[in-house]
Amino acid sequence: MELSARLLKLRREQLRILAYMFTGHAPVNRHLFIIHRATDPFCHRCGVDEETTEHLLLECPSYERLRLLILGDHADFERLFTPHGVTRVLAFVTAIGRF
């Protein structure tokens, strides 16, 4: 199944989450800090790096175990733009309780 066919089968809420994640406009501290809705841009879980969608999906040490389980050990942003990848992104975001 190609990506567009997979996206057409998603609910509106799922599409909203994916749009957040892939455009960088998710309600994460980096974006919220830029629009003056957070006091700092750092990750609320690890506090080490700025909290961006890329940080949540690929880098945050607090989510490492869950990331490996759901996204796999070779996850990168490009692979997440596949039909199977978007399914995994949605599962990961649901598991961490964000958005």
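Residues numbered from 1 in each chain as written. Predicted model: local features only at pLDDT ≥ 70, side-chain atom pairs only at ≥ 80, totals over all residues. Heavy atoms only, no water.

### Focus: the packing of helix α2 (residues 12–23) against helix α6 (residues 83–96)
- Interhelical geometry of α2 versus α6 gives an angle of 95° and a closest axis separation of 10 Å. In terms of orientation, α2 lies roughly perpendicular with respect to α6. Only V86, V89, L90 and V93 of α6 make contact with α2, whose side of the interface consists of Q14, I17, L18, M21 and F22.
- Residue composition of the contact of α2 with α6, grouped by class: eight nonpolar, one polar and no charged. (Axes fitted to C-alpha atoms, helices over the stretch in contact; angles between N-to-C directions. Helix = DSSP H or I, 4+ residues; strand = E, 2+ residues; numbered from the N terminus. Parallel < 35°, antiparallel > 145°, perpendicular 65-115°, else oblique. Contact = heavy atoms within 4.5 Å. Nonpolar A, V, L, I, M, F, W, Y, C, P; charged D, E, K, R; others polar.)

### Some remarks on the side chain of R6
- Inspection of the secondary structure assignment puts R6 in helix α1 (residues 3–8).
- Among buried Asp, Glu, Lys and Arg side chains, R6 stands out as unpaired, with E2 the closest opposite charge at 13 Å.
- Looking at R6, its side chain comes within polar contact range of the side chain of T87, at 2.9 Å. (Buried < 20%, exposed > 50% of the residue type's maximum accessible area, 1.4 Å probe, protein only. Lys, Arg positive; Asp, Glu negative; His and termini not counted. Salt bridge = Lys/Arg side-chain N within 4 Å of Asp/Glu carboxyl O. Polar contact = N/O pair within 3.5 Å; in protein donor to acceptor, adjacent residues only side chain to side chain.)

### So, the nonpolar core
- Grouped together as the largest cluster of nonpolar side chains are 21 residues, with contacts concentrated most on L18, M21, L57, V89 and F92.
- Listed by contribution, the elements that provide at least two residues to this core are α2, α4 (53–59) and α6.
- Sorting elements by how many residues they give to this core places α6 first, with six residues.
- Aside from chain neighbours lying at most four places away, what touches V89 is L18, M21, F22, L57, L71 and L80. (Core = buried A, V, L, I, M, F, W, Y, C linked by side-chain atoms within 4.5 Å.)

Everything listed here is a matter of coordinates, which is why it stays silent on function.
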